[in-house]
Amino acid sequence: MRRVSTRSLMPGMITAEDVFSYSNSLIFPKGTILTDKAITKLEVYSIFNVRIEDERAEVPEEEPAEDTSYAERLKQTPEFQHFSEEFHKETESFKDTINNALDDIANLDVDQLVQNSIALLSADGKHINVFDMLHNMRQLDDSTYVHCMNVGLICNIFANWLHMEEEDVKTATLCGLLHDIGKLKIPENILKKPGKLTDKEFKVIKTHPREGYNLLQDSPVNDHVKNAALMHHERCDGTGYPLQLPIQQIDPFARMVAIADVYDAMTSARVYRGPLCPFKVIEAFENEGFQKYDAQYILTFLGNIVNTYMLHRVRLNNGQEGEIVFINPDKLSKPTIKSGSKYINLASTPGLSIEAII
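Residues numbered from 1 in each chain as written. Predicted model: local features only at pLDDT ≥ 70, side-chain atom pairs only at ≥ 80, totals over all residues. Heavy atoms only, no water.

**A short note on empty space enclosed by the protein**
- Applying the stated criterion to the full structure yields 3 cavities of 30 Å³ or more.
- The space that makes up the largest cavity amounts to roughly 50 Å³.
- Lining the largest cavity we find Phe94, Ile98, Thr144, Tyr145, Cys148, Leu177, Leu178, Ile181 and Leu184.
- By residue class, the composition of the lining of the largest cavity is 8 nonpolar, 1 polar and no charged. (1 Å grid on protein atoms, 1.4 Å probe; cavity = no way out; pocket = protein on both sides within 12 Å on 5 of 7 lines; lining within 4 Å. Points joined across faces, edges and corners; volume = space filled by probe spheres on them. Nonpolar A, V, L, I, M, F, W, Y, C, P; charged D, E, K, R; others polar.)

As structure tokens, this is what we get:
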């Protein structure tokens, strides 16, 4: 029996004990054979680690999470190549700025941080291009800096979807950029240790929200940014950490960051597959997350992501291909597909779902 971080789990691993949420609700019983879907569920619940048995079980081989033709076509475009180059350049600059600020946090250039990250977004407002590009730049070794940059950009787009005022959009962006700054206070040998972390080491990792909040106390950021660092692992049903706050006590900007943070984690590549298809992520939120996240925020976030895939061609889990022609507002992950001359309403077709965008 060993303890494995959720990020390092693989299908076929078997739980060696009951897995509970932070509010002591059972998620999986002992002896559960983990699948990709089960691992995704653990991420929705922000479970950091699971004890697993030494032996493994066979699980049915699943289809690739993302069709290579779609991903490869995007990666060959000049727009993607330009964005990728600028993204990595800006992430290096962000890394230098944050590392320098750790010794002099009071002089952190907040305005420059926000301006540099916003500059990555296209001026014409076609924000979904950025989502597509981020989705296809996932690397297995994403650093804290890359993750924070991703979440900052997602929060910027998210805030615009919520029709926030300009200053609030900037605040949301900064909340995303700095939400995980506390991880820079975690020893690197623990943060990057693959697989077997001890109980003591996991307790250290879970201190990063408080570490981030404390680190930002003397910085020139407002309370929303400080609270986002402290509360981004809190959940609206009280199952989060470190304070197990109910929705009324969670800062609204922290509720936004919680969604962006988990979305970025779930759409990252894993050792056994590429990035998860957005519709699978949306389905996971629908199945497990509506009680955990602010209802207005999560519906706005998912609804806008789904709408950006209108008229895209997709492949279903039975091999059929078609075009998305209608979004079902009551079941965002199950749109209506036009396949040849047939219309397939996935919301009323149990067992049928979108496997990949093609």
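**Here we look at the confidence of the model for the protein chain**
- In the predicted model, the protein chain carries a mean pLDDT of 86, and 92% of its residues have values of at least 70.
- For the protein chain, per-element mean pLDDT is lowest for helix 5 (residues 127-135), which scores 72, and highest for helix 11 (residues 223-231), which scores 98. (pLDDT = per-residue confidence, 0-100. Helix = DSSP H or I, 4+ residues; strand = E, 2+ residues; numbered from the N terminus.)

**What about the sheet that holds strand 7 (residues 321-326)?**
- Strands sit in the order 9-8-7-6-10 across an open sheet of 5 strands; the sheet is antiparallel. Unpaired on one side and paired on the other, strand 9 (342-345) and strand 10 (354-357) mark the two borders of the sheet. Sheet twist, expressed as the mean angle between neighbouring strand axes with direction ignored, is 40°.
- Two strands pair when backbone bridges link them, and strand 8 (residues 336-339) and strand 9 are joined in this way by 4 bridges, in the antiparallel orientation. Bridging from a neighbouring strand, Ile337 pairs with Ile344 of strand 9. (Pairing = 2+ DSSP bridges. Axes fitted to C-alpha atoms, helices over the stretch in contact; angles between N-to-C directions.)

**Examining the pattern of salt bridges**
- Within the structure shown, the criterion is met by 11 salt bridges.
- Between Glu166 and Lys170 there is a salt bridge, with the nearest N and O atoms lying 3.8 Å from each other. Of this pair, Glu166 and Lys170 both sit in helix 7 (residues 166-178), 4 residues apart, roughly one helical turn.
- The exposure class of Lys170 is partly exposed, given its relative accessible area of 33%.
- Salt-bridge contacts for Glu355 lead to Lys280; the nearest nitrogen and oxygen are separated by 2.7 Å. Residue Glu355 is located in strand 10, and its partner Lys280 is located in helix 13 (residues 278-288); the two are separated by 75 residues in the primary sequence. (Salt bridge = Lys/Arg side-chain N within 4 Å of Asp/Glu carboxyl O. Buried < 20%, exposed > 50% of the residue type's maximum accessible area, 1.4 Å probe, protein only.)

**Observations regarding the sheet that holds strand 5 (residues 49-56)**
- Strand order across the open sheet formed by 3 strands is 1-5-2, with antiparallel pairing between neighbours. Sheet topology places strand 1 (2-5) and strand 2 (13-15) at the edges, where each strand pairs with a single neighbour. Strand-to-strand twist of the sheet, defined as the mean angle between neighbouring strand axes without regard to direction, takes the value 60°.
- Pairing of strand 2 with strand 5, which is carried by 2 bridges, proceeds in the antiparallel orientation. Note on strand 5: the bridge partner recorded for Thr15 is Ile52.

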